[in-house]
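# What the coordinates show
Take a look at the letters that make up each chain.
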Amino acid sequence: WGMIQDHGLFLLGVWFENAVWIETALARMTENLNNAVMGDGTQWEQSPMYHGEVLHAAADTLLIARQNGIAVPPKFEEKTHAMFAALAAWVTPTGWTPRQSDSDDIDARDLLALGAILFRDGALCFAARGRVRPENIWDIGPEAEKMLADIPAAEPLCASAALPDSGNFMLRENHSPDSTYIRFHSGTIGGGHGHADLLHIDIMRKGEYILADGGRGTYVDGALRRELKLQGGHNTLRIDGADYCGCTDSWGYTARAVPIKGEYRFGKTADFASGGHMGYWKCGVLVWRKLIYVKPDILLLFDWIAGEGAHTAERSFHFGAGKLTKNGQAAHWEGKCTEAHLHVFGDAALRCETARCAPVYNTVLPCEVLRAENAIRGNASLLTVISLDGDCRAEVLPVYSVYGGSPLPEAAAQAVTVKKNGRRATGIVCHEDNPGGASLLCAGGCEGYGKAQVFTPEVPEGETLAW
């Protein structure tokens, strides 16, 4: 709101030729951007929609300042440019904002086009798909189209993107609108617009959500607001059937989980991201999630729970519009353009439910949810294999240390091999330090060092994603 009100003050200062108002507004907005925009360009509230709102106020100020020959502090320009870059990393392959925290499905390509024009940035031009929107014509004039066309579009060398300060990771197949997009959040809740979504994942393919965030729905405190804000409404995991925090009202929380931002690496055949949190530390449990995305259409999801005593662990999967069916330890979801198969390992009790989602404000729709519950004792690791656009054969493999002997416990190391369309991929994940007395691990004829490894026909010797 500080950015919005001082954007207004700046415009009034320009209109009435009041230098004091202009100077005051620019000083306030520069201070706001310096405080509220993280080093990776993310606005601290962890909401792509409000990130866009703040960015619009900054960008329009910069546009009007340049049109009127008004100098803007370098920090203002630096932070504004960083916010544009973060938005380009955050958006889905269709150029829309994800529903993270208090956000709706909104086309962000008009903002990206504005950023490209302001900074003559080829990467932003590429993210805007090289064309202006009506909002750009309104703000800049009919010359906006030529201004954007004069900027050579520059496709980023790496399709996947990390916003490590805010704990947001976007794993991508490539930059085509139909490509696979996996969003993982392992950062802070943010402000009142933030949701309790630590370790949540989205999956999109062919422009369609397979797994999706429920959105915001309403700001009226009540059952719907809390259902969409709290942990059970996200694609993450809960311990002992409890959320790690509660709501005091529409904006406040009774407690917040301390996030633990993990490692990430974007490789040749696979991407890796990880993170955990201390939300269940009071009951003696630490939770950690590791993703291995085997390009283009396989996700290996490892949920590691460290603690003592007996607990239950519940994983939730909220699906986009489509039909969900359960078959033993597997589930199938079918949408309009694509499908997905989930293979849930570890003797989980699976149940299908109906919940609510809100793609836009005040529009509430039903969504289907798969919940997988496991009884665990001590350290445990739970594996889910998600196959997009067709099924796969997935098999858990025993993991040995180089010294041989008995297989290592799954809580120490896990391996899974996936066969699909004549192609085989094997992933090995190490959860403990130096299990079995040797860091070199072996599974299914594959061996290597590292905490996360993938073996594919393209890289048969293995690609290490985490050391």
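Residues numbered from 1 in each chain as written. Predicted model: local features only at pLDDT ≥ 70, side-chain atom pairs only at ≥ 80, totals over all residues. Heavy atoms only, no water.

### Here's the deal with the overall build of the protein chain
For the protein chain, the helix and strand inventory stands at nine helices and 25 strands. With respect to the three principal axes, the spread of C-alpha positions in the protein chain is 80 × 50 × 45 Å. Every one of the 467 residues in the protein chain was classed for burial, and the buried ones make up 60%. Within the structure as shown, the protein chain displays about 18,600 Å² of accessible surface, and the carbon and sulfur contribution to it stands at 55%. Positive and negative charge centroids in the protein chain, built from 42 and 56 side chains respectively, lie 3 Å apart. (Helix = DSSP H or I, 4+ residues; strand = E, 2+ residues; numbered from the N terminus. Buried < 20%, exposed > 50% of the residue type's maximum accessible area, 1.4 Å probe, protein only. Areas by Shrake-Rupley, 256 points an atom, 1.4 Å probe, with all protein chains shown as cover. Lys, Arg positive; Asp, Glu negative; His and termini not counted. Charge placed at Lys NZ, Arg CZ, Asp CG, Glu CD.)

### Points about the nonpolar core
Ranked by size, the top nonpolar core spans 47 residues in total, and within it Ile 305 and Phe 319 carry the most contacts. The next biggest cluster of nonpolar side chains, apart from the first, holds 43 residues, and it includes Met 3, Ile 22, Cys 125 and Ala 128. (Core = buried A, V, L, I, M, F, W, Y, C linked by side-chain atoms within 4.5 Å.)

### Here we look at the pattern of salt bridges
For side chains bearing opposite charge, pairing can occur when the charged atoms are close. Applying the stated criterion across every chain, the model contains 26 salt bridges. Here Arg 226 makes a salt bridge to Asp 221, at a shortest N to O gap of 3.0 Å. Looking at Asp 221, the relative accessible area reads 36%, which means it is partly exposed. Taking the shortest distance from any N to any O, the salt bridge between Asp 271 and Lys 295 comes out at 3.2 Å. Here Asp 271 is found in strand β8 (residues 270-277), whereas its partner Lys 295 is found in the loop between β9 (285-294) and β10 (298-307), with 24 residues between them in sequence. Of the two residues examined, Asp 271 and Lys 295, each falls in the buried class. (Salt bridge = Lys/Arg side-chain N within 4 Å of Asp/Glu carboxyl O.)

### Structural notes on the sheet that holds strand β25 (residues 463-466)
What the five strands build is an open sheet, ordered β18-β20-β21-β24-β25; its pairing is antiparallel. Each edge of the sheet is formed by a strand with only one pairing partner; in this case those strands are β18 (393-397) and β25. Recorded for the sheet is a direction-independent mean angle of 20° between the axes of neighbouring strands. As paired elements, strand β20 (residues 413-420) and strand β21 (residues 423-430) share eight bridges and run antiparallel to each other. Within β21, the position partnered with Val 418 by the bridge is Ala 425. (Pairing = 2+ DSSP bridges. Axes fitted to C-alpha atoms, helices over the stretch in contact; angles between N-to-C directions.)

### Examining the pairing of β20
Judged by how many residues are buried, β20 sits mostly within the fold: seven of eight residues are covered. Strand direction decides the pairing type here: β18 and β20, joined by five bridges, are antiparallel. Bridge assignment links Ala 394 to a residue of β20, and that residue is Val 418. In this antiparallel pair of consecutive strands, β20 and β21, the connection spans two residues, and Asn 421 shows a positive phi of 55°.

### Let's talk about the packing of aromatic side chains
Two descriptors summarise a pair of aromatic rings, namely the distance from one centre to the other and the angle between the planes of the rings. Counted according to the given criterion, the structure contains nine aromatic pairs. Geometrically, the ring pair formed by Tyr 244 and Tyr 280 is edge-to-face, given 6.2 Å between the ring centres and 85° between the ring planes. Here Tyr 244, found in the loop between β6 (237-239) and β7 (259-266), pairs with Tyr 280, found in the loop between β8 and β9; they are 36 residues apart in sequence, far enough to count as distant. Considered together, Tyr 244 and Tyr 280 belong to a single accessibility category, that of buried residues. Members of the aromatic cluster, connected to one another through ring pairs, are Phe 169, Phe 184, Tyr 264 and Phe 266. Over the aromatic face of Phe 126 sits the side chain of Arg 129, whose NZ or CZ is 5.4 Å from the ring centroid. (Phe/Tyr/Trp six-rings, centres within 6.5 Å; stacked < 30°, edge-to-face > 60°. Lys NZ or Arg CZ within 6 Å of the ring centre and 35° of its normal.)

### Focus on the pairing of strand β2 (residues 168-172)
When you tally the buried positions in β2, you get five out of five residues, the bulk of the element. The two faces of β2 match: Asn 168, Met 170 and Arg 172 on one face and Phe 169 and Leu 171 on the other face are all buried. Direction of pairing for strand β1 (residues 161-163) relative to β2: antiparallel, over a ladder of three bridges. Counted as the bridge partner of Ala 162 is Phe 169 from β2. In this structure, the hairpin formed by β1 and β2 is closed by a connection of four residues, where Gly 167 is found at a positive phi of approximately 70°. Summarising the sheet, β2 and strand β3 (residues 181-185) pair through five bridges and their orientation is antiparallel.

### Examining helix α3 (residues 48-67)
With 20 residues, α3 extends 28 Å from end C-alpha to end C-alpha; this agrees with the ideal 28 Å at 1.5 Å per step. Among the 20 residues in α3, 16 count as buried, and that is most of the element. (Expected span 1.5 Å × (residues − 1).)

### Focus on the side chain of Thr 92
Structurally, the position occupied by Thr 92 is in the loop between α4 (74-90) and α5 (109-119). Here Thr 92 falls in the buried class, since its relative accessible area comes to 3%. Ignoring sequence-local partners within four residues, the contact set of Thr 92 consists of Pro 98, Arg 172, Tyr 181, Met 204 and Tyr 209. (Contact = heavy atoms within 4.5 Å.)

### Examining the sheet that holds strand β16 (residues 363-377)
Strand order in this open sheet of four strands is β6-β11-β16-β15, and the pairing throughout is antiparallel. Each having just a single partner strand, β6 and β15 (349-360) make up the two edges of the open sheet. When strand polarity is set aside, the average angle formed by the axes of neighbouring strands in this sheet is 30°.

### Considerations on the environment of Asn 235
Secondary-structure assignment places Asn 235 in the loop between α9 (223-229) and β6. The class of Asn 235 is buried, set by a relative accessible area of 0%. Each C-alpha atom of the pair Asn 235 and Gly 276 lies 14 Å from the other, and the pair is 41 residues apart in sequence. In contact with Asn 235, not counting residues within four places along its chain, are Leu 199, His 200, Ile 201, Asp 202, Leu 211, Ala 212, Arg 289, Ser 316, Phe 317 and His 318. Polar side-chain contacts of Asn 235 include one of 2.9 Å to the backbone oxygen of Ile 201. Reaching out from Asn 235, the side chain makes a polar contact with the backbone oxygen of Ala 212 at a distance of 3.4 Å. (Polar contact = N/O pair within 3.5 Å; in protein donor to acceptor, adjacent residues only side chain to side chain.)

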